[in-house]
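# A look at the structure
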Amino acid sequence: LTLARCRMSPLGCLGVAALCLGTLWAGPAKDRRKEEKPRAELSLLENLDLDNYDVALESYGDILDLSNYEELYDYGDLVPKIEVGTLAPRPKDPKTLPELAETTSGTPKLQPPSSAGPMPPAPIPRQGLPSCVLCLCLGSSVYCDDAGLEQIPALPPDTAYLYARFNRIGAVRAGDFRGLEKLKRIDLSSNSITWVDADAFRGLPSLQELLLPENLLTALPELPHGLVRLDARLNRIPSAGLRPEAFRDLKQLQFLHLSDNQLDFIPVPLPESLRSLHLQNNNIQTMHEDTFCDSQEQGQIRRALEDIRLDGNPINLSLFPNAFSCLPRLPTGRFS
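Residues numbered from 1 in each chain as written. Predicted model: local features only at pLDDT ≥ 70, side-chain atom pairs only at ≥ 80, totals over all residues. Heavy atoms only, no water.

### A short note on the overall build of the protein chain
Scanning the protein chain for helices and strands turns up six helices and 13 strands. For the protein chain, the residues scored as buried account for 31% of the 336 residues in total. A separation of at least 24 residues holds for 40% of the contacts in the protein chain among residues at least 6 apart in sequence. (Helix = DSSP H or I, 4+ residues; strand = E, 2+ residues; numbered from the N terminus. Buried < 20%, exposed > 50% of the residue type's maximum accessible area, 1.4 Å probe, protein only. Contact = heavy atoms within 4.5 Å.)

What follows is the structure, encoded as structure tokens:
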């Protein structure tokens, strides 16, 4: 009957046969997918690529679990590298580290390990002279301003200019400038100098400028003959603190500034080269007719001396008209 029906309706028989085969294949296919799914998940974890992985809501909690991801990651590329020019890593053993010790002045100082020998001293520039450690040495100039100095430091032999202002220097000794034949200027302004050795400056053949203002001097030492400028303002120098005829042989002296001291008279004789004389704020009460002019020479004109300051002294300049008759300008002071 069945075959007879198939002969009569072949298309119907083919449909029935397809339905039977589909039913038989469905069961084994489901089992095969269950067996292959764990293998697919393991393969995915072994080749995890977050950039290309398509996350779905159904598989987010099951597959994208990063709690153990660091175990799968290779840290071999993150090994620390030391580049040329960087500091060496600090040693882990504290025994190999240098110890910090306090010096006598309270400044930390590096000390070598106890097993090592004494550390050699660091090289000092400019022939090991302390002036170039405490001060600034530039060519032939040495700058020691406001450096806390209490005495003149040892200077390089080619020093031509010394600036040691605003320190605590209390005295100038005979050997402080010995051998410095190129020294042209010494500026010791605003220190605490109370005395200068008599020979401190005499052996300086090139010295042209000696600046000693704002100190505590009560006397001037012997001066080199090549001096052009002497500034000793704001000290405590009386007339007795000047050597007799102290400036007579200074044939190149042009500027003599002794204001704000304790002078009783004008220091004479004054060299013909003098251009500026500042004696204001002293205790000068009188002067001689030959102080500036030679009374024996009628036609004398002293053209170089154009700047004389005597203001602030208890002297009436109008009482001594012949004393400055040879000058191109009258001194600055009180006329009454």
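So, next bit.
### Examining the nonpolar core
In terms of nonpolar packing, the biggest core is built from 58 residues, with Phe 177, Phe 201, Phe 247, Leu 277, Met 287 and Phe 292 touching the most fellow members. Aside from chain neighbours lying at most four places away, what touches Met 287 is Ile 266, Phe 292, Leu 310, Ile 315, Leu 317, Phe 320, Ala 323 and Phe 324. (Core = buried A, V, L, I, M, F, W, Y, C linked by side-chain atoms within 4.5 Å.)

### Side note on the state of the cysteines
Evaluated as defined, the whole model comprises three disulfides. Disulfide pairing is shown between Cys 135 and Cys 144; the S-S distance is 2.0 Å. Disulfide Cys 135-Cys 144: torsion about the S-S bond near 105 degrees, hence right-handed. For Cys 135, a relative accessible area of 10% translates into the label buried. What makes Cys 144 buried here is its relative accessible area of 0%. (Disulfide = S-S within 2.5 Å.)

### Some details on the UniProt feature "domain: LRRNT" (unreviewed entry) in the protein chain
Under the feature "domain: LRRNT" (unreviewed entry), the UniProt entry names residues 131-161. Span residues 131-161 is 13% helix and 23% strand, its end C-alpha atoms 13 Å apart. (UniProt positions renumbered as here; feature names shortened; annotations may be inferred.)

### Re the pattern of salt bridges
Applying the stated criterion across every chain yields a total of 14 salt bridges. Across the pair Glu 209 and Arg 185 runs a salt bridge whose closest N-O atoms are separated by 2.9 Å. Here the residue Glu 209 occupies a position in strand β9 (residues 209-211), and Arg 185 occupies one in strand β7 (residues 185-187), the gap between them amounting to 24 residues. By relative accessible area, which is 16% here, Glu 209 ends up buried. For Arg 185, a relative accessible area of 23% puts it in the partly exposed group. The network of salt bridges with shared partners includes Asp 145, Arg 165 and Asp 187. (Salt bridge = Lys/Arg side-chain N within 4 Å of Asp/Glu carboxyl O.)

### Some words on the environment of Asn 316
Topologically, Asn 316 is positioned in the segment after β13 (307-309). Spatially, the C-alpha atom of Asn 316 lies 9.8 Å from that of Met 287, the residues being 29 residues apart in sequence. Those residues in contact with Asn 316 that sit more than four places away from it in its chain are Arg 334, Phe 335 and Ser 336. In this structure the side chain of Asn 316 is engaged in a polar contact, spanning 2.6 Å, whose partner is the side chain of Ser 318. (Polar contact = N/O pair within 3.5 Å; in protein donor to acceptor, adjacent residues only side chain to side chain.)

### Description of the environment of Arg 165
Here Arg 165 is to be found in the loop between β5 (161-163) and β6 (171-172). Overall, the relative accessible area of 24% leaves Arg 165 in the partly exposed class. For the pair Arg 165 and Ser 189, spaced 24 residues apart in the sequence, the C-alpha separation amounts to 4.8 Å. In this structure Arg 165 touches Cys 144, Asp 145, Asp 146, Asp 187, Ser 189 and Asn 191, once residues within four positions along its chain are discounted.

### A short note on the packing of aromatic side chains
The way to describe two aromatic rings as a pair is by their centre distance and the angle between their planes. What the rule picks out here adds up to three aromatic pairs. Seen in terms of ring centroids, Tyr 143 and Tyr 163 are 5.2 Å apart; in terms of plane orientation they differ by 5 degrees. Their pairing is stacked. Within this pair, whereas Tyr 143 is found in strand β4 (residues 141-143), its partner Tyr 163 is found in strand β5, the two being separated by 20 residues in sequence. Classification of Tyr 143 as partly exposed rests on a relative accessible area of 35%. According to the relative accessible area criterion, Tyr 163 is buried, its value standing at 12%. (Phe/Tyr/Trp six-rings, centres within 6.5 Å; stacked < 30°, edge-to-face > 60°.)

### Structural notes on the sheet that holds β4
Consider a sheet: its strands pair through backbone hydrogen bonds, and that pairing is either parallel or antiparallel. Ordered by their spatial adjacency, nine strands build an open sheet running β3-β4-β5-β7-β9-β10-β11-β12-β13, and the pairing between neighbours is mixed. Single-partner strands in this sheet number two, and they are β3 (136-138) and β13. Averaged over all neighbouring strand pairs, the angle between strand axes comes to 5 degrees, with direction disregarded. The pairing of β4 with β5 spans three bridges and is classified as parallel. Its bridge partner lying in β5, Ser 141 is registered against Tyr 161. (Pairing = 2+ DSSP bridges. Axes fitted to C-alpha atoms, helices over the stretch in contact; angles between N-to-C directions.)

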